[in-house]
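Residue-level listing of the chains:
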Amino acid sequence: TLITDAYVIRFNSELKELGASRIQVELVKSRVQEGQVKHKVQLKGAGTQRASEILSEGENRIVTLAAFLATVTAKTDKAPFVFDDPINSLDDEFEDAVVKRLVDLAMERQVIVLTHRISLLVKLCDAAPDDTVHTVAVEREAWGTGQPRSTPVNAQKAKTALNAIRTKVQAAATR
């Protein structure tokens, strides 16, 4: 009952939004177990070979992300989305599409992205409207992990980084 025509439309739409419409996959019924119909993602025209055996790790990840988004975007509540390193294993083209999709989602509800990749933070800051990305950097101390700290200069927008450097230099000059 979860795989409806509307879900298939959302899944295909998410594939397109994520720049993956060239990956020819479809949702097909795989078996019925205890009265429940199970579905799987299958490559169109690939016969019985599993999609996960043919697609790259990045392509598998983008298809999985499309399926996840097709599920959660149908919900009417506005619970926040939480993504942990959503661009792991993706090439630049898919990374850019995912960043755009995350920014689009953030216009409707809160999107929380956890990452250790400064490049993702920079892409999100560049793609999002000014003052809509709020960052919290976390560092490791001798006593453990989780100490909040300021965002590294190389992860800030150029204007923000320059202002931070200017303020620091001015403060040091007035001492």
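Residues numbered from 1 in each chain as written. Predicted model: local features only at pLDDT ≥ 70, side-chain atom pairs only at ≥ 80, totals over all residues. Heavy atoms only, no water.

1. Thoughts on the overall build of the protein chain
In step 1: Tallying secondary structure elements over the protein chain gives 6 helices and 6 strands in all.
In step 2: Reading the secondary structure of the protein chain in the N-to-C direction produces α-β-β-α-α-β-α-β-α-β-β-α.
In step 3: Per-residue burial for the protein chain yields a buried fraction of 29% across its 175 residues.
In step 4: Taking the contacts inside the protein chain whose residues are at least 6 apart along the sequence as the reference set, 56% of them involve residues at least 24 apart.
In step 5: As displayed, the protein chain has an accessible area near 11600 Å², and 52% of this comes from carbon and sulfur atoms. (Helix = DSSP H or I, 4+ residues; strand = E, 2+ residues; numbered from the N terminus. Buried < 20%, exposed > 50% of the residue type's maximum accessible area, 1.4 Å probe, protein only. Contact = heavy atoms within 4.5 Å. Areas by Shrake-Rupley, 256 points an atom, 1.4 Å probe, with all protein chains shown as cover.)

2. With respect to a nonpolar patch on the surface
In step 1: On the surface, Val-82, Ile-112 and Leu-114 cluster together into a nonpolar patch covering about 230 Å² of accessible area.
In step 2: The exposure class assigned to Leu-114 is partly exposed, which follows from its relative accessible area of 42%. (Patch = residues over 30% accessible without salt bridge, like charges linked within 9 Å, V, L, I, M, F, W, Y side chains within 5 Å. Salt bridge = Lys/Arg side-chain N within 4 Å of Asp/Glu carboxyl O.)

3. Observations concerning helix H5 (residues 118-127)
In step 1: Taken together, the buried positions of H5 are Leu-120, Leu-121, Leu-124 and Cys-125. Along H5, the residues classed as buried sweep out an arc of 135 degrees about the axis, all on the same side.
In step 2: Here the buried face of H5 lies against helix H4 (92-106) and strand S4 (111-114). (Arc of directions from axis to C-beta.)

4. Points about the packing of aromatic side chains
In step 1: Following the criterion strictly, the structure yields 4 aromatic pairs and no others.
In step 2: For the ring pair Phe-68 and Phe-81, a centre distance of 6.5 Å and an interplane angle of 70 degrees mean the geometry is edge-to-face. Taken together, the residues span a long stretch of sequence, with Phe-68 in helix H3 (residues 57-72) and Phe-81 in strand S3 (residues 81-84) at a distance of 13 residues.
In step 3: Arranged with centres 6.0 Å apart and planes meeting at 85 degrees, the rings of Phe-68 and Phe-83 form a pair that is edge-to-face. With Phe-68 in helix H3 and Phe-83 in strand S3, this residue pair connects regions lying 15 residues apart in the sequence.
In step 4: Take Phe-68: its relative accessible area is 35%, and that puts it in the partly exposed class. (Phe/Tyr/Trp six-rings, centres within 6.5 Å; stacked < 30°, edge-to-face > 60°.)

5. What about the pairing of S3?
In step 1: A one-sided burial pattern is seen for S3, the buried positions being Phe-81 and Phe-83 and the unburied ones Val-82 and Asp-84.
In step 2: Traced from S3 through H4 to S4, the parallel crossover comes out right-handed. (Right-handed = clockwise from strand over helix to strand, strands pointing away.)

6. Structural notes on the environment of Asp-85
In step 1: Structurally, Asp-85 is set in the loop between S3 and H4.
In step 2: Ignoring sequence-local partners within four residues, the contact set of Asp-85 consists of Arg-61, Leu-114, Thr-115, His-116 and Arg-117.

7. Details of unusual backbone geometry
Excluding glycine, most residues fall at negative phi; most peptide bonds, likewise, are trans.
In step 1: The backbone of Asp-85 shows a phi angle near 45 degrees, a positive value even though the residue is not glycine.
In step 2: A positive phi is found at Ser-89, a non-glycine position, where the angle reads about 75 degrees.
In step 3: Its place among the elements puts Ser-89 in the loop between S3 and H4.
In step 4: For Ser-89, a relative accessible area of 33% corresponds to the partly exposed category.

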